[in-house]
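Each chain, letter by letter, is given below.
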Amino acid sequence: KINVGASVFVGNVSNRTGETKLRKLFEKCGPVASVHLGEDAQGNRKGYAFVNFETASAAQKAIKDLSGQEVDGRELRVNEKTSPKPESSSGSDSD
């Protein structure tokens, strides 16, 4: 379950950084509901992750506190997760 407003996008994640390490780091900001590491069809890491918190305030704290944090030699970029598609698109009639 994705909590709206409580998910963050984490960029520049090292291939050496695992889910457990990310979870422990982000739990400093609040309870983590889930961590998803981006992978291609072959299971190769793509250098990003999504962290879903239980509260939006924890997500905001992570953006403020952990962006720029170095993990496994890479400086993490932590931003609000944005929707892949706009909420209201004017040209999307479903014929």
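Everything discussed here concerns the structure shown above.
Computed from a predicted model, the values in this text were never measured in an experiment.

The next thing to look at is the pattern of salt bridges. Pairs can form between side chains of opposite charge whenever their charged atoms are close. On inspection of all chains with the given rule, the structure shows five salt bridges. The partner of aspartate 65 in a salt bridge is lysine 61, and the shortest N-O contact between them spans 2.6 Å. Of this pair, aspartate 65 and lysine 61 both sit in helix 2 (residues 56–66), four residues apart, which is roughly one turn of that helix. With a relative accessible area of 34%, aspartate 65 lands in the partly exposed category. When salt bridges with common partners are traced through the structure, they connect Lys61, Lys64 and Asp65 into a single cluster.

If you trace the four strands from one edge of the open sheet to the other, you get 2-3-1-6, paired in antiparallel fashion. Pairing within the sheet leaves two strands with one partner each, and these edge strands are strand 2 (32–39) and strand 6 (77–80). Averaged over all neighbouring strand pairs, the angle between strand axes comes to 25 degrees, with direction disregarded. Relative to strand 6, strand 1 (residues 7–11) is paired through four bridges, and the arrangement is antiparallel. Bridge assignment links glycine 11 to a residue of strand 6, and that residue is arginine 77. Strands strand 1, strand 3 (45–53) and strand 6 of the sheet are contacted by helix 2, whose axis makes an angle of about 145 degrees with strand 6.

Tallying each qualifying case throughout the model produces four aromatic pairs. Plain terms: the ring middles of tyrosine 48 and phenylalanine 50 are 5.7 Å apart, the flat faces sit at 75 degrees to each other, and that makes the pair edge-to-face. For phenylalanine 50, a relative accessible area of 26% puts it in the partly exposed group. Three or more aromatic residues link up through ring pairs in this structure, and these residues are Phe9, Tyr48 and Phe50. Above the ring of phenylalanine 50, the side-chain terminus of lysine 81 is found at 5.5 Å from the ring centroid.

Reading the values: rules and limits
Residues numbered from 1 in each chain as written. Predicted model: local features only at pLDDT ≥ 70, side-chain atom pairs only at ≥ 80, totals over all residues. Heavy atoms only, no water. Salt bridge = Lys/Arg side-chain N within 4 Å of Asp/Glu carboxyl O. Helix = DSSP H or I, 4+ residues; strand = E, 2+ residues; numbered from the N terminus. Buried < 20%, exposed > 50% of the residue type's maximum accessible area, 1.4 Å probe, protein only. Pairing = 2+ DSSP bridges. Axes fitted to C-alpha atoms, helices over the stretch in contact; angles between N-to-C directions. Contact = heavy atoms within 4.5 Å. Phe/Tyr/Trp six-rings, centres within 6.5 Å; stacked < 30°, edge-to-face > 60°. Lys NZ or Arg CZ within 6 Å of the ring centre and 35° of its normal.

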